[in-house]
Amino acid sequence: MTDKKTSKNLEERLRDSALQTDEQMEVTEPSLSYFENLVEEQSARWYQRLWFELTCLWGIAFVFISFLIFSLFYVPLLFVFAQIISIIVLIRYFYKERYEMVEMRQ
C-alpha cells in the first residue's frame, strides 16, 4: 500500500517537474521575415566578397600580364625564364592532381 502511495507521489512530482521544465524552456520560433532577412544579409555579404575577390583577381592578372609584356619587349631572357617556370609549375600541378586521383580510386 505504501509502495503505491509513494509511486503515485513520485509520479505526481515527476509530472510537476516536467511541466515546470516545459514552461521554463518554452522555445519561440523566429518569424519567417527573420529568416528571409538572414538569407538576404548572407547573400549580400557573399556578393561583396565575390566582387572583392574578382577585383583582386583582375588586379593581379593585370600586373602579371603587364610584367610579361614588359619583359617580352625589354628583357626577353626574363620572359623565357618566366615561361619555363610556368610550364614546370603546370606540369607539376597536373602530375600531383593525377597522383591524387589515382590514390582516391584505390
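All residue numbers here refer to positions counted from 1 along the written sequence of the relevant chain. For this predicted model, a pLDDT threshold of at least 70 governs which residues receive local features, and a threshold of 80 or more governs which side-chain atom pairs are given and counted, while totals over whole chains, interfaces and linings are taken from all residues. Remark: hydrogens and water are excluded; side-chain values derive from all non-hydrogen atoms of the structure.

1. Comments concerning the overall build of the protein
Scanning the protein from N- to C-terminus turns up three helices and zero strands. Moving toward the C terminus, one meets the helices and strands of the protein in the order α-α-α. Each principal axis of the C-alpha atoms in the protein carries an extent, and together these give about 105 × 45 × 15 Å. Burial analysis of the protein (106 residues in total) assigns 2% to the buried set. A run of H or I in DSSP counts as a helix once it spans at least four residues, and a run of E counts as a strand once it spans at least two, with each numbered from the N terminus. Burial status follows relative accessibility: with a 1.4 Å probe on protein chains alone, a residue under 20% of its type maximum counts as buried, one over 50% as exposed, and anything between as partly exposed.

2. Side note on the side chain of Ser71
In this fold, Ser71 is placed in helix H2 (residues 32–74). What makes two residues a contact is simply this: any of their non-hydrogen atoms within 4.5 Å. The residues contacting Ser71, other than those within four sequence positions of it, are Pro76, Leu78 and Phe79.

3. Some words on the pattern of salt bridges
Salt bridges, as used here, are contacts in which a Lys or Arg side-chain nitrogen is within 4 Å of a carboxyl oxygen on Asp or Glu. One pass over the full model with this rule turns up two salt bridges. Where Glu11 meets Arg15, a salt bridge forms, and the shortest distance between an N and an O atom there is 3.6 Å. Of this pair, Glu11 and Arg15 both sit in helix H1 (residues 2–24), four residues apart, which is roughly one turn of the helix. For Glu11, a relative accessible area of 39% gives the class partly exposed. For Arg15, a relative accessible area of 53% puts it in the exposed group. Arg49 is paired through a salt bridge with Glu53; the nearest N and O atoms lie 3.2 Å apart. Separated by four residues within a single helix, Arg49 and Glu53 lie in helix H2, roughly one turn from each other.

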